[in-house]
Amino acid sequence: MAFQMQMNAQILRPELAWRPRPLSSSAMPGLRMLRSSSRRSGRIRCSNGVLPLEPQAQEKQESKRIYPFDEIELKWQKFWEENRTFRTPDEVDTSKPKFYILDMFPYPSGAGLHVGHPLGYTATDILSRFKRMRGFNVLHPMGWDAFGLPAEQYAIETGTHPKVTTMRNIERFRSQLKSLGFSYDWDREISTTEPDYYKWTQWIFLQILKKGLAYQAEVPVNWCPALGTVLANEEVVDGVSERGGYPVIRKPMRQWMLRITAYADRLLDDLDDLDWPESIKEMQRNWIGRSEGAELEFSILSEQEQEQDLKVCVFTTRPDTIFGATYLVVAPEHPLLPLLISEEQRKSVDEYCEVAARKSDLERTELQKEKTGVFSGSYAINPASGETIPIWVADYVLGSYGTGAIMAVPAHDSRDYDFAKMYKLPIIQVVRPPGQDCDDFSKPYAEDGFIVNSSNLSYGLNIDGMSSKDAAKEVINWLEKTGAGKGKVNYKLRDWLFARQRYWGEPFPVVFLNETGEMVPLCEEDLPLTLPELDEFTPTGTGEPPLAKAISWVETVDPVFGKPAKRETSTMPQWAGSCWYYLRFMDPKNASALVDKEREKYWGPVDVYVGGAEHSVLHLLYARFWHKVLYDIGVVSTKEPFQCLINQGLILGEVEYTAFKNEDGTLVSADAIGKGKEYSQEKIPPENVVKDGDSFVLRENPSIRLTARAHKMSKSRGNVVNPDDVVNEYGADSLRLYEMFMGPLRDSKTWSTGGIEGVHRFLGRVWRLIVGPPLPNGGYSEGTIATDDEPTLEQLRALHKCIQKVTEEIEGTRFNTGISAMMEFTNAAYKWKKQPKSIMKEFVLLLSPYAPHISEELWARLGHVSSLAYESFPKAKDEYLKDTSMVLPVQINGKTRGTIVVEEGCSEWDALMLASTDDKLAKFILNQNVKKTIYVPGKILNVILEQQKISPRSK
């Protein structure tokens, strides 16, 4: 039956495209309209993609203070503090699941936080808030790793006591963290500098001492005369101290050592069970460096070329190559070196060793490309071949690894090959690659193969023709049978040098008897041994630590017999307090034990540990070692301290643009810079730069291409962004949200002020969606504009899809895409005629882990009198997650003219109504007589017009 489709042109008014149009009484509920593709909402560019804006944002840019964040944030921070909202009770319901999430212990520097620090803190806070709302007992504490060199150096420079500086820095850090709304349990706050804390650090040391894992030894150390202390390898860069740039030398000193090597295999094997990034686990494996091989002795020849009782012991991972050893190399600090130097070579060797003493281990091994060395003047006997080989001194061999000496096989080791080439030493091939017959000396072959040139029947050893693995076993058997060596497992891991010549650190709980020098530990009931008060912290100049100046403290008696004794004047390294702090957070006020056994059993291990990758080896390795010692003595119930590890990426400073000038000051395009020429550099302000394709050019002179690069934030570059400034201008919630929105948590990202303005506008939209537009006086009405209406099916579907996405992304720590889902929901909600309270409440709960201040305020305005911190996190319902809409092609007289979006089960009439209100299709249907329709549900709608009155312009 034909009927007239008379439609008022008003149905196509553009503004109606932003809200669902009412359908006829016969229309099915829940039908969705397809907005014309020619109508596009506004967009702003963000580092995470394109953020849709409501149409009003195209008219006039709003001020940065688009909602009263300053009032809201102070209000709720005060509320949380007064009500101790996030306090984890000492006694919890242990039938509930637990979630222990921890940030790596920060050092409270005088500079305070920069915007890179809150990245990880915000991530852990989101997870903490989420888990609380999911019914978990959450432990989310904060404290301070506050002993260390920086505070002591500041004390030396200014005369300010390190404790004063430290407390001032802690106050600043604490206030900054509180201003960002992090849900830490501040009742559990600890500092490594408090005697109540380091009492237990000293207690752990005594347990390590009892187990024979602590000892004193004369070892080569990085000694900085200017700082008056021993430095760790990572504190030395290019031969100078990282702090201050003072020269550092290697010199032997008696030091406390911890026998971490006794735990090497356990530290290695237990990595397999940890949920850590594989790259971090591999770094730990490499640092431990387990290798199997042989230890063997080379006899030293006298000047008369006779074998002596003096022997040099070497470790090798390739005993199968013993016939290819054409020289020995000993480290400059090898204890036998003075006996090996000939008079003719003494001056050269001494000079070489003096230069080597100024280099760090890293410089001598990984960073030094060109190998250097000096001949000792002595020779040894290869125990397998009987050949006389020279002994060299070279700094690419470390006294701290293996035996401090190696047998050099230049044909099958790249370092030995480079050295042999430089000093014209023999190269003998003893391993042939499978399938090759000819000798090739153009490069070393370091893989397994088949043994050649390796037979000495008079010595009873013939491994020719064997595979490398079989030959290695045969050589080890021969060494053990002849007494020339033995099989050996070795590690790159060295015992932990556990002493610093500083004042600001934990005192060692031991004394030394004046008569005998015997070491006597303090009684546990006498702990803590507190630091004495000093007014002067400068180095003594003699190598003694500053504590040696506290004579009345140093001079004491032993705790057993009362004999005269002296205290240890070195202090523990900064690493000590950070090795076990995660345990103290479980039970911070316990005066009788390090941690209560039942509390440790419930809370341990740490479920998620978040921090920078710079701590991926040493801190984590040391903490794991201490934890295993505590496990062995029954203090803890788990083998590992941190089950899951997340390394957040860096936040780099804003992109810096650089122009180049030649000698006469003329600008030169970056792509035209010639090698070997001198150019000066000039920073260009961002407002003078425009993008040209993939490059950046000067706005006034586009022919000049610039370099664009983001750098790590540092005071020296002047690119540090202070979070206080960001909070003052945009609010803490905007900072939190932006840092999560910048990109994946684990990736490095570049700071952009333009990006934070985008998320700030998003929060303003959320505010207006629930509170309404500002009043004429600039304020806002009380309460909310959300209604008590029942939500529609469309609204429920939008909400529950958002719930599902946000939940999945929080659990997967993909916070940026979770924010995107909430932005999409907000866009959809702005198109509704009404915003039901039941929908808005659920959305506010979704937003609250990310932006807690605005969420608390909106929650209150929606009718609640208590905090939302422990409200149930919304759960997505399956019935609202099914996407029953589909795209239906529409034909006019058999020719496809467009598409509409319909719901499953859509009737023929409803499909026709949707087509007639679509911007693109309406022009074909309006004012036309419809002869009939051909409708195949889910497939096609074909509208047959009675007379084809289609103007040429509409084709």
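Basis of the calculations
- Residues numbered from 1 in each chain as written.
- Predicted model: local features only at pLDDT ≥ 70, side-chain atom pairs only at ≥ 80, totals over all residues.
- Heavy atoms only, no water.
- Helix = DSSP H or I, 4+ residues; strand = E, 2+ residues; numbered from the N terminus.
- Buried < 20%, exposed > 50% of the residue type's maximum accessible area, 1.4 Å probe, protein only.
- Contact = heavy atoms within 4.5 Å.
- Lys, Arg positive; Asp, Glu negative; His and termini not counted.
- Charge placed at Lys NZ, Arg CZ, Asp CG, Glu CD.
- Pairing = 2+ DSSP bridges.
- Axes fitted to C-alpha atoms, helices over the stretch in contact; angles between N-to-C directions.
- Phe/Tyr/Trp six-rings, centres within 6.5 Å; stacked < 30°, edge-to-face > 60°.
- Salt bridge = Lys/Arg side-chain N within 4 Å of Asp/Glu carboxyl O.
- pLDDT = per-residue confidence, 0-100.
- Expected span 1.5 Å × (residues − 1).
- Disulfide = S-S within 2.5 Å.
- Core = buried A, V, L, I, M, F, W, Y, C linked by side-chain atoms within 4.5 Å.
- Parallel < 35°, antiparallel > 145°, perpendicular 65-115°, else oblique.
- Left-handed = near helix turned anticlockwise from the far one by under 90°.
- Nonpolar A, V, L, I, M, F, W, Y, C, P; charged D, E, K, R; others polar.
- Polar contact = N/O pair within 3.5 Å; in protein donor to acceptor, adjacent residues only side chain to side chain.

## Observations concerning the overall build of the protein chain
Looking only at helices and strands, the protein chain features 26 helices and 42 strands. The burial tally for the protein chain puts 53% of its 955 residues in the buried class. Within the protein chain, contacts between residues separated by at least 24 positions form 70% of all contacts whose residues are at least 6 apart in sequence. Put simply, the protein chain has 115 plus and 131 minus side-chain charges, and the middle of one group is 9 Å from the middle of the other.

## Topic: the sheet that holds strand β4 (residues 98–103)
Pairing within the open sheet is parallel, and its four strands lie in the order β5-β4-β29-β30. The sheet is open, and its two edges are formed by β5 (137–139) and β30 (642–647), each paired on a single side. Ignoring which end each strand starts from, the neighbouring axes of this sheet average 20° apart. Here β4 runs beside β5; their pairing, made up of three bridges, is parallel. Note that in β5 the partner of K98 across the bridge is N137.

## Observations concerning the packing of aromatic side chains
For the structure shown, the criterion picks out 46 aromatic pairs. Between Y609 and F642 the ring centres are 4.0 Å apart and the planes differ by 20°, which places this aromatic pair in the stacked class. Residue Y609 is located in strand β29 (residues 606–611), and its partner F642 is located in strand β30; the two are separated by 33 residues in the primary sequence. Residues Y609 and F642 agree in their burial class; the two are buried. Taking 6.3 Å as the distance between ring centres and 80° as the angle between the ring planes, the aromatic pair formed by F815 and Y850 counts as edge-to-face. Here F815, found in helix α22 (residues 815–829), pairs with Y850, found in the loop between α23 (837–847) and α24 (852–861); they are 35 residues apart in sequence, far enough to count as distant. F815 sits in the buried class, given a relative accessible area of 2%. Looking at Y850, the relative accessible area reads 1%, which means it is buried.

## Quick notes on the pattern of salt bridges
Counting across every chain of the model gives 42 salt bridges. We note a salt bridge from K628 to E640, for which the minimum N-O separation is 2.9 Å. Of the two residues, K628 is situated in helix α17 (residues 618–632) and E640 in the loop between α17 and β30; the sequence distance between them amounts to twelve residues. In this pair, the class of K628 matches that of E640, namely buried. Measuring nitrogen to oxygen at the nearest pair gives 3.0 Å for the salt bridge that ties E809 to R814. Given the relative accessible area of 4%, E809 is considered buried. Overall, R814 belongs to the partly exposed group, its relative accessible area being 40%. The network of salt bridges with shared partners includes R84, R87, D90, D185, D187 and R188.

## Focus: the confidence of the model for the protein chain
Scored by pLDDT, the protein chain comes out at a mean of 87, with 90% of its residues at no less than 70. Predicted confidence for residues 1–63 stays below pLDDT 50, and this span has 113 contacts to residues more than four positions away or in other chains.

## Describing α22
Since the α-helix packs 3.6 residues into each turn, any two residues three or four apart lie on the same face. Helix length check: α22 (15 residues) gives 21 Å between terminal C-alpha atoms against 21 Å at 1.5 Å per residue, within 8%. Here α22 lies mainly inside the structure; eleven of its 15 residues are buried.

## Re the state of the cysteines
For the structure shown, the criterion picks out zero disulfides. Take C353: it sits in no disulfide, and the sulfur closest to it among the cysteines is that of C313, at 20 Å.

## Structural notes on unusual backbone geometry
In this structure, P528 follows L527 across a cis peptide bond, with omega equal to 5°. Mapped onto the fold, P528 is located in the loop between β26 (519–521) and α13 (551–554). Cis geometry marks the peptide bond from G604 to P605; its omega dihedral reads -10°. In this structure, P605 sits in the loop between α16 (597–603) and β29. Of note in the backbone geometry, N893 takes a positive phi value of approximately 55° without being a glycine. Relative to the elements of secondary structure, N893 occurs in the loop between β39 (885–892) and β40 (895–903). Residue N893 is classed as partly exposed on the basis of its relative accessible area, which comes to 23%. The phi dihedral of N927 is positive, around 60°, even though this residue is not glycine. By secondary structure assignment, the location of N927 is in the loop between α26 (919–925) and β41 (929–936).

## Notes on helix α21 (residues 793–811)
Taking 1.5 Å per residue as the helical rise, α21 with its 19 residues ought to reach 27 Å, and the 27 Å between its terminal C-alpha atoms agrees with that figure. Along α21, the residues classified as buried are Q795, L796, R797, L799, H800, C802, I803, V806, T807, E809 and I810. In this structure, the buried residues of α21 make contact with α2 (118–133), α22, α23 and β40. One or two residues past the end of α21 sits T813, with phi positive at roughly 55°.

## A few points about the nonpolar core
Grouped together as the largest cluster of nonpolar side chains are 91 residues, with contacts concentrated most on W751, M822 and M840. For this core, the leading source of residues is helix α20 (residues 753–771), giving nine residues. If we ignore the near neighbours within four places in the chain, the residues touching M822 are F762, C802, V806, F843, L846, L847 and Y850. Core analysis: the next-biggest nonpolar cluster, separate from the first, contains 68 residues, I260, L618, V636 and F642 among them.

## Quick look at the sheet that holds strand β12 (residues 249–258)
Judged by pairing direction, the sheet is antiparallel, and its four strands sit side by side in the order β9-β8-β12-β24 without closing on themselves. Each end of this open sheet is capped by a strand with a single partner; those strands are β9 (229–231) and β24 (496–497). With two bridges connecting them, β12 and β24 associate as antiparallel partners. From the neighbouring strand, M257 faces β24, where its bridge partner is L497.

## Describing the packing of α20 against α23
Relative to each other, α20 and α23 sit at 155°, their axes nearing to 11 Å. Classified by the interaxial angle, the pair formed by α20 and α23 is roughly antiparallel. Considering the relative orientation of α20 and α23, their crossing is left-handed. Where α20 abuts α23, its residues F762, L763, V766, L769 and I770 lie against M840, F843, V844 and L847. In terms of residue class, the contact of α20 with α23 is built from nine nonpolar, no polar and no charged.

## Some points on the side chain of R861
Here R861 shows up in helix α24. In this structure R861 comes out as buried when scored by relative accessible area, which is 15%. Within the local environment of R861, its side chain forms a polar contact with the backbone oxygen of S781, the two atoms lying 2.7 Å apart. Side-chain polar atoms of R861 contact the backbone oxygen of G783, separated by 3.2 Å. In this structure, R861 is in contact with W767, V771, S781, E782, G783 and T784, ignoring residues within four places of it in sequence.

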